[in-house]
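Here is how the chains run, residue by residue.
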Amino acid sequence: PAEHTAVLNGKVPAAKRAQLWKERRVFFCTPQTVEKDMEAERCPAKQIVCLVLDEAHKATGNFAYTKVVELCEAAGAHLRILGLSA
């Protein structure tokens, strides 16, 4: 349902994103936004249970996807990761 979802990107103020991370269950985000919110402890990395990565072939080196997965693992999250690529 729509009331359980949120679209988060850099245009949404950080305080609003922090609130949405607490209230919603399904998020559509840029990897950079997730990374920043995890580092600022707005997004509870340990509570992530499913991570879907579009353009997963970019998930190398210092790309945000890589950092997000590392932060989830460091937080002790038990998650499934689905990587999609064209």
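Rules and cut-offs
- Residues numbered from 1 in each chain as written.
- Predicted model: local features only at pLDDT ≥ 70, side-chain atom pairs only at ≥ 80, totals over all residues.
- Heavy atoms only, no water.
- Core = buried A, V, L, I, M, F, W, Y, C linked by side-chain atoms within 4.5 Å.
- Buried < 20%, exposed > 50% of the residue type's maximum accessible area, 1.4 Å probe, protein only.
- Helix = DSSP H or I, 4+ residues; strand = E, 2+ residues; numbered from the N terminus.
- Contact = heavy atoms within 4.5 Å.
- Salt bridge = Lys/Arg side-chain N within 4 Å of Asp/Glu carboxyl O.
- Pairing = 2+ DSSP bridges.

Let us look at the nonpolar core. If you look at the biggest cluster of nonpolar residues, it comprises 16 residues, and the most contacted ones within it are Met38, Val68 and Cys72. Among the elements of the structure, β1 (5–8), α1 (14–23), α2 (31–39), β3 (50–53) and α3 (64–75) are those that each provide at least two residues to this core. Not counting chain neighbours up to four residues away, the residues in contact with Val68 comprise Pro31, Val34, Glu35, Met38 and Leu51.

By the definition in use, this model includes two salt bridges. The partner of Asp37 in a salt bridge is Arg17, and the shortest N-O contact between them spans 2.8 Å. Residue Asp37 is located in helix α2, and its partner Arg17 is located in helix α1; the two are separated by 20 residues in the primary sequence. There is no split in this pair, since Asp37 and Arg17 are both buried. Arg42 serves as the salt-bridge partner of Asp37, at 2.8 Å between the closest nitrogen and oxygen. Residue Asp37 is classed as buried on the basis of its relative accessible area, which comes to 0%. Here the salt bridges do not stand alone but share partners, grouping Arg17, Asp37 and Arg42 into one network.

To continue, consider the pairing of β1. Taking every second residue as pointing to the same face, the buried face of β1 carries Ala6 and Leu8, while none of Thr5 and Val7 on the other face is buried. Bridge analysis of β1 against strand β2 (residues 26–29) gives four bridges, and the strand direction is parallel. The residue of β2 that forms the bridge with Thr5 is Val26.

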